[in-house]
Amino acid sequence: MSEKFTAFAKLHVPGQPLILFNVWDAGSAVAVERAGAKALATGSWSVAAAQGFHDAEALPIDLALANATRIVAVTSLPVSIDFEGGYASDPGQTAANVSALAATGAIGCNFEDQVIGAAPRTLYAIAYQAGRISAIRQAVGPAFFINARTDIFLVAPADAHDAAMVDAAIDRAHAYADAGASGFFVPGLVDLALLERVCRASPLPVNFMAFPGAPAADAVATTGIARISHGPGPYRLAMKALADAARAAFA
């Protein structure tokens, strides 16, 4: 198990990013591993949708943990789980929940700073979110890969992203690193110049989320990105192929 933690961390190389084609269940995990994956990661939206739930922790935690257990069981690759906001706000309970996730054999998780269910979309204060990360780190030990996600670039449209928002994100990257995070995830940010600023200033390897219309992986890599994930894209592709095949069969 310790080899998986080490191997996963070493895959995060700025400029030579780890590609994660996100899975949602054991079957998709096997398919992506056979396609040549070096590691596996889930996307919370996809996992929830595949089981009939909406995103934002509508999927009950026991089902999320059971799904993680099944994925880990069918692969020899390191598996990171998108665990949203940890299914709690309180640092202690959040840490207990992530400990339960680590017990499934997952080597890491995405952990976001958005307040789940808040309207309008709101982020935890930096100090509070750092406290939650610190509690998780103390609970899971030094090797578990905490990919600290900031939703700064999701709560505002892309045309509003600017240097001030990047500065705010960099402040969070430093605070989260000091609290024990392993990586920094900036979904929604696609401006290559702004991405490069984040990568240069972040003390943590930076994760980009690909989606249709976003810059290509080779262009993203030039900014210093160390990890590219695909979020719900693979699930949507699979469901489109299924629907198209079904329509053809019914015709």
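Residues numbered from 1 in each chain as written. Predicted model: local features only at pLDDT ≥ 70, side-chain atom pairs only at ≥ 80, totals over all residues. Heavy atoms only, no water.

What follows is about the packing of aromatic side chains. Centre distance and the angle of the planes are the two values used to describe a pair of aromatic rings. On inspection of all chains with the given rule, the structure shows 6 aromatic pairs. Between F83 and Y87, the ring centres sit 5.3 Å apart and the planes meet at 45°, which makes this aromatic pair tilted. Grouping residues by exposure puts F83 and Y87 together as buried. Through successive ring pairs, a cluster of aromatic residues spans W24, W45 and Y235. Seen from the ring of W45, R236 lies directly overhead, with NZ or CZ sitting 4.4 Å from the centre. (Phe/Tyr/Trp six-rings, centres within 6.5 Å; stacked < 30°, edge-to-face > 60°. Buried < 20%, exposed > 50% of the residue type's maximum accessible area, 1.4 Å probe, protein only. Lys NZ or Arg CZ within 6 Å of the ring centre and 35° of its normal.)

Further remarks concern the nonpolar core. Counting 67 residues, the largest nonpolar core has F83, L101, F153, F184, F208 and I225 as its most contacted members. Excluding its chain neighbours within four sequence positions, the residues that come into contact with F83 are E57, I61, L65, N97, V98, L101, C109 and N110. (Core = buried A, V, L, I, M, F, W, Y, C linked by side-chain atoms within 4.5 Å. Contact = heavy atoms within 4.5 Å.)

Taken across its 5 residues, strand β4 (residues 108-112) has 5 buried, putting it largely inside the fold. Two strands pair when backbone bridges link them, and strand β3 (residues 79-82) and β4 are joined in this way by 3 bridges, in the parallel orientation. By the bridge assignment, D82 is partnered in β4 with N110. Following the chain from β3 across helix α5 (residues 91-102) to the adjacent parallel β4, one finds a crossover that is right-handed. Alignment of β4 against strand β5 (residues 145-149), held across 5 bridges, turns out to be parallel. Looking across to β5, one finds that C109 is bridged to I146. You can see the chain leave β4, run along helix α6 (residues 126-140) and come back into β5, and the turn it takes is right-handed. (Helix = DSSP H or I, 4+ residues; strand = E, 2+ residues; numbered from the N terminus. Pairing = 2+ DSSP bridges. Right-handed = clockwise from strand over helix to strand, strands pointing away.)

Packing of helix α7 (residues 163-179) against helix α8 (residues 192-201) leaves a shortest axis separation of 10 Å and a crossing angle of 25°. In terms of orientation, α7 and α8 fall into the roughly parallel class. Crossing hand, α7 versus α8: right-handed. Residue-level contacts link A163, V166, D167, I170 and H174 of α7 to L194, R197, V198 and A201 of α8. Considered class by class, the residues forming the contact of α7 with α8 number 6 nonpolar, 1 polar and 2 charged. (Axes fitted to C-alpha atoms, helices over the stretch in contact; angles between N-to-C directions. Parallel < 35°, antiparallel > 145°, perpendicular 65-115°, else oblique. Left-handed = near helix turned anticlockwise from the far one by under 90°. Nonpolar A, V, L, I, M, F, W, Y, C, P; charged D, E, K, R; others polar.)

Purely geometric stuff here, so don't read any function into it on its own.
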